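Residue strings, one per chain:
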Number of protein chains: 2
Amino acid sequence: MADPITDKIDETHELIASDKVEGTAVYSRTNEKLGTVNHFMVDKRTGHVAYAVMSFGGFLGLGSRYHPLPWSALTYDPNLGGYVVDLTPEQLKSAPSYTSEALPNWDDQVYSHRIDEYYEGTMGH
Amino acid sequence: MADPITDKIDETHELIASDKVEGTAVYSRTNEKLGTVNHFMVDKRTGHVAYAVMSFGGFLGLGSRYHPLPWSALTYDPNLGGYVVDLTPEQLKSAPSYTSEALPNWDDQVYSHRIDEYYEGTMGH
């Protein structure tokens, strides 16, 4: 007899707890460690993770630099145990970023469009 | 002259940082406080927030009870400064939940289907 629950299993994707992703390493396409996921920016209405905000550098949060990365630009690599973003460290340097001393205004939607346009241009999608 | 950035603003939705949502209050349809958002369960592949896991009760995490709520069941109420879920406290009591002493196995996709089916049945969508 068909089981209505198990029949639907293939539609389900793997889930991960937000507090496990926060702190996970991010690597370049050549497997250099770029930083770690600090937090997400979530679309209030749809519940979609718009950006994973990667941090690197600094000490105890002082002097850290934050890079908002589109979630779609991140691929989880089970062998590395972290996310791979198809960028070189040089491309990352010219990507939109901010410091804890000058946080962006996320209510300014022009800011998020700049991020999206940078990654659309750089990553060719 | 048309600005290709500002022309797209209406398509953008409001973003919120995950570390700001974590800790936000959740209310019933009659404005009773049910608990607070503890963390999210995120679909690794699509970046969609599948569940906001609400916690309540307990002391310093001991004895807390966790309720995974579909993100789509939560509506942000700016006046309350928290999320409203269209459930009574009684409906919540019979909803899928777990304690920190008996965490669910999220790799078991039957578990998440049970949650989805409960809320589809209860909330009529």
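Residues numbered from 1 in each chain as written. Chains lettered and ligands numbered in written order. Predicted model: local features only at pLDDT ≥ 70, side-chain atom pairs only at ≥ 80, totals over all residues. Heavy atoms only, no water.

- Looking at an unreviewed UniProt entry, one finds chain A named PRC-barrel domain-containing protein, with Nguyenibacter vanlangensis as its source organism.

## Section: the interface of chain B and chain A
(1) Moving on: At the interface, 34 residues of chain B touch 34 residues of chain A.
(2) Moving on: Here chain B meets chain A over a buried area of about 3900 Å², counting both sides, of which 57% is carbon and sulfur.
(3) Moving on: Applying the counting rule to chain B against chain A returns 0 salt bridges.
(4) Moving on: If you list the elements that add at least two residues to the side of chain B that touches chain A, you get β1 (15–17), α1 (18–21), β3 (33–43), β4 (49–56) and α3 (109–123) of chain B.
(5) Moving on: Examining the composition of the side of chain B that touches chain A, we find that 6 residues originate from one element, α3(B), more than from any other.
(6) Moving on: Classifying every residue of the side of chain B that touches chain A by side-chain character gives 14 nonpolar, 11 polar and 9 charged.
(7) Moving on: Taken together, the 3 bridges between strand β3 (residues 33–43) of chain A and β1(B) define a ladder with antiparallel strand orientation. Within β1(B), the residue paired with Val42(A) across the bridge is Ile16(B). (Contact = heavy atoms within 4.5 Å. Buried area = accessible area lost by both parts, 1.4 Å probe. Salt bridge = Lys/Arg side-chain N within 4 Å of Asp/Glu carboxyl O. Helix = DSSP H or I, 4+ residues; strand = E, 2+ residues; numbered from the N terminus. Nonpolar A, V, L, I, M, F, W, Y, C, P; charged D, E, K, R; others polar. Pairing = 2+ DSSP bridges.)

## Some remarks on the relation of the copies chain B and chain A
(1) Moving on: Note on the identical chains: chain B maps onto chain A by a rotation of 180° and an axial translation of 0.0 Å, with an RMSD of 0.0 Å. Such values leave the two copies arranged in the relation of a two-fold axis. For chain B, the smallest separation between a C-alpha atom and the rotation axis is recorded for His48(B), amounting to 2.3 Å.
(2) Moving on: Interface overlap between copies is the fraction of interface residues in one copy that are interface residues in the other; for chain B against chain A it reaches 100%, indicating a shared surface. (Least-squares fit on C-alpha atoms with pLDDT ≥ 70 in both.)

## Here's the deal with α3(B)
(1) Moving on: Taking 1.5 Å as the rise per residue, α3(B) with 15 residues should run 21 Å; its terminal C-alpha atoms sit 21 Å apart, in good agreement.
(2) Moving on: Along α3(B), the residues that are buried comprise Gln109(B), Val110(B), Tyr111(B), Ser112(B), His113(B), Ile115(B), Tyr118(B), Tyr119(B) and Met123(B).
(3) Moving on: Check the buried side of α3(B) and you find it contacts β1 (15–17) of chain A together with β4, β5 (65–70), α2 (89–93) and β8 (98–99) of chain B.
(4) Moving on: Its side-chain oxygen at 3.1 Å from the backbone nitrogen of Val110(B), Asp108(B) defines the N-terminal cap of α3(B). (Expected span 1.5 Å × (residues − 1). Buried < 20%, exposed > 50% of the residue type's maximum accessible area, 1.4 Å probe, protein only. Polar contact = N/O pair within 3.5 Å; in protein donor to acceptor, adjacent residues only side chain to side chain.)

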